[in-house]
Amino acid sequence: MSKILVVDDAGFMRKMIQTYLRKAGYTDFVEGEDGAKAVQLYDTEKPDLVLMDITMPNVDGIEALRQIRTKDPKAKVVMCSAMGQESMVMEAIKLGALDFIVKPFKEDRIIQTVSKVLPL
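Only a predicted model underlies this, so the values are computations on that prediction, with no experimental measurement involved.

Parameters and conventions
- Residues numbered from 1 in each chain as written.
- Predicted model: local features only at pLDDT ≥ 70, side-chain atom pairs only at ≥ 80, totals over all residues.
- Heavy atoms only, no water.
- Helix = DSSP H or I, 4+ residues; strand = E, 2+ residues; numbered from the N terminus.
- Rg over C-alpha atoms; globule rule 2.2 N^0.38 Å.
- Buried < 20%, exposed > 50% of the residue type's maximum accessible area, 1.4 Å probe, protein only.
- Core = buried A, V, L, I, M, F, W, Y, C linked by side-chain atoms within 4.5 Å.
- Contact = heavy atoms within 4.5 Å.
- Axes fitted to C-alpha atoms, helices over the stretch in contact; angles between N-to-C directions.
- Parallel < 35°, antiparallel > 145°, perpendicular 65-115°, else oblique.
- Left-handed = near helix turned anticlockwise from the far one by under 90°.
- Nonpolar A, V, L, I, M, F, W, Y, C, P; charged D, E, K, R; others polar.
- Salt bridge = Lys/Arg side-chain N within 4 Å of Asp/Glu carboxyl O.
- Polar contact = N/O pair within 3.5 Å; in protein donor to acceptor, adjacent residues only side chain to side chain.

K.L.:
With reference to specific residues and values, describe the overall build of the protein chain.
P.N.:
Of the regular secondary structure elements, the protein chain holds five helices and five strands. Ordered by position in the sequence, the α and β elements of the protein chain form the string β-α-β-α-β-α-β-α-β-α. For the protein chain, whose C-alpha radius of gyration is 13 Å, the value lies close to the compact-globule estimate of 14 Å for 120 residues. Expressed along its principal axes, the backbone C-alpha trace of the protein chain runs to roughly 30 × 30 × 25 Å. Per-residue burial over the protein chain gives 48% buried out of 120 residues.

K.L.:
An account of the nonpolar core is requested, with residue identities and associated values reported.
P.N.:
Nonpolar side chains in soluble globular proteins tend to be buried together. Among the nonpolar cores identified, the biggest contains 21 residues, and V7, V50, M52, L65, I68, V77 and M79 are the most heavily contacted of them. Once you skip the residues sitting within four places of it in the chain, M79 turns out to touch M52, D53, I54, G61, I62, L65, A92, A97, D99, F100 and I101.

K.L.:
For the packing of helix α1 (residues 11-23) against helix α5 (residues 107-117), give the residues involved together with the corresponding values.
P.N.:
Where α1 meets α5, the axes come as close as 9 Å, and the angle between the chain directions of the two elements is 65 degrees. Classified by the interaxial angle, the pair formed by α1 and α5 is roughly perpendicular. Seen along the crossing, α1 lies across α5 with a hand that is right-handed. Where α1 approaches α5, its residues I17, Y20, L21 and K23 are matched on the opposing element by E107, I110, I111 and V114. Across the contact of α1 with α5, the residue classes break down as six nonpolar, no polar and two charged.

K.L.:
Can you tell me about the pattern of salt bridges, naming the residues and giving the values?
P.N.:
Under the counting rule described, the total for this entry stands at eleven salt bridges. Here D8 ties to K103 by a salt bridge, and the two come within 2.8 Å at their closest N and O atoms. With a gap of 95 residues between them, D8 in the loop between β1 (3-7) and α1 and K103 in strand β5 (residues 99-103) connect regions that are remote in the sequence. Residue K103 is classed as buried on the basis of its relative accessible area of 13%. Notably, a salt bridge pairs R66 with E91, separated by 3.2 Å at the nearest N-O pair. Of the two residues, R66 is situated in helix α3 (residues 61-71) and E91 in helix α4 (residues 86-94); the sequence distance between them amounts to 25 residues. By relative accessible area, R66 is classed as partly exposed at 33%. You can call E91 partly exposed: its relative accessible area is 34%. Connected through salt bridges with shared partners, the residues D8, D53 and K103 form a single ionic network.

K.L.:
Residues and numbers for helix α2 (residues 35-45), please.
P.N.:
Each full turn of the α-helix corresponds to 3.6 residues, which orients residues three or four apart in the same direction. When we look at burial in α2, the residues that qualify are G35, A38, V39, L41 and Y42. Measuring from the backbone nitrogen of A36 back to the side-chain oxygen at the start of α2 gives 3.1 Å, which picks out D34 as the cap. Positive backbone phi, approximately 50 degrees, marks K46, located one or two places after α2.

K.L.:
Could you give an account of the packing of α3 against α4, with specific residues and numbers?
P.N.:
Their axes nearest at 10 Å, the elements α3 and α4 cross at an angle of 5 degrees. When the axis of α3 is compared with that of α4, the two are roughly parallel. Residues I62, L65 and R66 of α3 touch α4, and the partners they reach there are M88, E91 and A92. Tallied by class, the residues present in the contact of α3 with α4 amount to four nonpolar, no polar and two charged.

Here it is, written out as structure tokens:
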């Protein structure tokens, strides 16, 4: 079974993403609240996919992406961003993010993106 690391500073966002993905058949999740935790959990949990917010306290998603991809160039990371963060999204893509999902989330977009990157 594939493991997905969900990283967002808002707990309700992490839960919403997991609820949507459970409906699609994904069941193994790990969650973190900031980029520093994302890097730590990536090292210990070895997830198959990381879904990560860009704007977070302590270490933001861009820096966490940079650190994760330095350690594992094949890491599968999809970034989540609010409207108006186009320059940050472009930076994330340059750093190796496979895709991005714009907030507010649409359930079908999350499922479509994840299933493309991590088929069941």
